[in-house]
Amino acid sequence: ELVEEIGGYIEQDELARCARVCKSWYGAFIPQLYRHVRYDNHSCKMVALWTATQKHSRHMRSLAVIANDFPELALLGPECCHLTTLSLVPLAFVNQQWCSWLRALIDLNPSIHTLYILLNEQLDRMLFHGEHNILKQMSALRNLSVLNDHYPKDRTKSSGVFEAILECGSQLESLTYEVVRSRPIPEAEPMEASLDIVHRQPWTKLVSLNIHDQDGRREIELLSHCPNLWLYKTRVDCRRNGYESLHLLAQNYTSGDPLYRLEHLEIMQMQGPKTAAALDELLQVCAGPSGLKTFYAVDSIASQITIKTLLTYHAKTLETVVMSSAPWPSPGDLHLLLTMCPRLRHLETFVWSEEPKKPWLHDLMKSPWICTDLRILHLITRQKNESPLIEASQVELLSGQEDVLASLQRQFWNRIGALKNLSTLHLNTESRLRIFPTPLSIIPEDIEQLCGLNHLQEFQIPPWQEFMSPAVKEELQLKRPDLQIEYIDEMQLLA
């Protein structure tokens, strides 16, 4: 039993070496070696791997096939009947015979509960249309991920897999649906006139929905069946459709089961005032004892009103906040996040200071940070009209400013030193410190604070010597040789 337990913590190549030690180890490690099989173009000796898999297929629990030339699935034999996870990523065209083998494999494995598949036009037609729908064979299916590389240009025709999802949605617990090459709705095409949603029984089991689709109508249709979501990720590349999805989700929570509350919200590429209003509405209705734990907004509207609403209703439960959106959070917003969210563990944001001569750290030092369990801190700071290309002679520093900056700098590093669980620290000022009075750099006195962070493993900083001189870096590496120091690429910053 101890040997089998150890096998759960080592890699595949190490498992193979352990299986060759003796007969007892062979019997202990072979089942774990073939429990998770991955067949792809990068696998060394693919033919030998597939031949060996046939012999031990009874031990397989998950199978991932990611290759140009698909193996004959029938070669797995009748002993391959315990699969629970199946991942299929065809990098080339497949024929009807291969689809027949796949159906036979699914018939042999009624316990498959997780399916990931990359679709092309052939697979969509052969596996999901009408009576050929393979999802009907999978009664135990609970988690479905579909990356659809094909969608009909004619909007009056529907993708086979989307119709298949609508038929089996009531049995799913988690759904990821991504359409890679769909076209956005034209501005002249009213979305409401094209909606024709068939009313179905609510999908009460579905609690996780991740959708990336430029056509928001399919998202609206999926959301209309999901009253009990606790995780919702969306990326709708059409400014008019985002707010309708958020508004519908808010309506679901108003009339849905109060035991189910949204805990993880991730939005991408949602813009416009209507979206901001719908987001505020959603943040209010999904508040409660079990409020949001994750708020992720990338290339999406995240105004100061949104941040205020987020903190008003979810400050006590937030654990992860990622904001890379315009308008950018101000230093005051960042201060509120650090002083109002006691359970915050991951904070990643772009901070924009409106006053070029005012130290942005001044707002951060107003009151103590209460997020003592913070483990990941990623800050990108920038001041208005700030550019790394401006000459230092063009900037006028305020008299006595240096003393203020030094004091704020010491306070900042003292606060960092108090975050004893911090494992990742990324700091990017996006400008040379000698140009603008941005009070952030590392001097020898700061090394003591960094060395006290025993869990710190990754430290990413700008490449300029004004941030950390070679002598300071050498001293830090001498005291913390295990600390990985990475420099941000300067050309990427300029871009």
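Residues numbered from 1 in each chain as written. Predicted model: local features only at pLDDT ≥ 70, side-chain atom pairs only at ≥ 80, totals over all residues. Heavy atoms only, no water.

The name recorded for the protein in an unreviewed UniProt entry is F-box domain-containing protein, from Modicella reniformis.

*Asks:* Is there a simple way to explain the overall build of the protein in this structure?
*Replies:* Helix and strand counts for the protein stand at 18 helices and 16 strands. For the protein, the proportion of its 495 residues judged to be buried stands at 50%. For the protein, the share of sequence-separated contacts (at least 6 apart) that also reach a separation of at least 24 residues comes to 76%. Entry remark: accessible area of the protein is about 23,700 Å², with carbon and sulfur atoms responsible for 53%. (Helix = DSSP H or I, 4+ residues; strand = E, 2+ residues; numbered from the N terminus. Buried < 20%, exposed > 50% of the residue type's maximum accessible area, 1.4 Å probe, protein only. Contact = heavy atoms within 4.5 Å. Areas by Shrake-Rupley, 256 points an atom, 1.4 Å probe, with all protein chains shown as cover.)

*Asks:* Help me out: how do you make sense of the nonpolar core in this one?
*Replies:* Nonpolar side chains tend to gather and get buried jointly when the protein is soluble and globular. If you look at the biggest cluster of nonpolar residues, it comprises 120 residues, and the most contacted ones within it are Leu135, Tyr232, Leu265, Phe295, Ile416, Leu425 and Phe459. Top element by residues in this core is helix H7 (residues 160–168). It accounts for 6 residues. When residues of this core are sorted by domain, at least three fall in each of domain 1 (1–33) and domain 2 (319–495). Setting aside chain neighbours within four positions, we find Leu135 in contact with Leu115, Phe128, Leu141, Leu144, Ala164, Ile165 and Cys168. (Core = buried A, V, L, I, M, F, W, Y, C linked by side-chain atoms within 4.5 Å. Domains from an automatic or database assignment.)

*Asks:* Before we go on, may I ask you to explain the UniProt feature "domain: F-box" (unreviewed entry) in the protein in this structure?
*Replies:* Mapped onto the present numbering, the UniProt feature "domain: F-box" (unreviewed entry) falls on residues 2–37. The span residues 2–37 carries 69% helix and 6% strand; its end-to-end C-alpha distance comes to 23 Å. (UniProt positions renumbered as here; feature names shortened; annotations may be inferred.)

*Asks:* Before we go on, may I ask you to explain the packing of helix H16 (residues 444–451) against helix H17 (residues 470–479) in this structure?
*Replies:* Relative orientation and spacing of two packed helices are given, respectively, by the angle between their axes and the distance between those axes. Here H16 crosses H17 at 25°, and the two axes come no closer than 10 Å. Relative to H17, the element H16 lies roughly parallel. The interaxial crossing formed by H16 with H17 has right-handed handedness. Where H16 abuts H17, its residues Pro444, Ile447, Leu450 and Cys451 lie against Val472, Glu475, Leu476 and Lys479. Tallied by class, the residues present in the contact of H16 with H17 amount to 6 nonpolar, no polar and 2 charged. (Axes fitted to C-alpha atoms, helices over the stretch in contact; angles between N-to-C directions. Parallel < 35°, antiparallel > 145°, perpendicular 65-115°, else oblique. Left-handed = near helix turned anticlockwise from the far one by under 90°. Nonpolar A, V, L, I, M, F, W, Y, C, P; charged D, E, K, R; others polar.)

*Asks:* Could you clarify how one ought to interpret helix H13 (residues 331–340) in this entry?
*Replies:* Each turn of an α-helix holds 3.6 residues, which means side chains three or four residues apart point in the same direction. Among the 10 residues of H13, 7 are classified as buried, and the element is accordingly described as predominantly covered. Within H13, the full set of buried residues consists of Pro331, Asp333, Leu334, His335, Leu337, Leu338 and Thr339.

*Asks:* Any chance you could explain the side chain of Asn133 here in plain terms?
*Replies:* Take Asn133: it is sitting in the loop between helix H6 (121–128) and strand S5 (143–148). There is a polar contact of 3.0 Å between the side chain of Asn133 and the backbone nitrogen of Leu135. Once residues lying within four places of it in the same chain are set aside, the contact partners of Asn133 are Leu127, Phe128, Ala164 and Glu167. (Polar contact = N/O pair within 3.5 Å; in protein donor to acceptor, adjacent residues only side chain to side chain.)

*Asks:* I tried to follow the packing of aromatic side chains on my own but got confused; where do I start?
*Replies:* What describes a pair of aromatic rings is the distance from one ring centre to the other and the angle between the planes of the rings. Under the definition given, this model contains 4 aromatic pairs. When the centroid spacing of 6.1 Å and the interplanar angle of 75° are considered together, the rings of Trp369 and Phe412 count as edge-to-face. Residue Trp369 is found in the loop between helix H14 (361–364) and strand S13 (376–383), and its partner Phe412 is found in helix H15 (residues 401–417); the two are separated by 43 residues along the sequence. Residue Phe412 is classed as buried on the basis of its relative accessible area of 0%. Centre to centre, the rings of Phe412 and Trp413 are 5.4 Å apart; their planes meet at 80°, and the pair counts as edge-to-face. One aromatic cluster is present, built from ring pairs that chain together Trp369, Phe412 and Trp413. (Phe/Tyr/Trp six-rings, centres within 6.5 Å; stacked < 30°, edge-to-face > 60°.)

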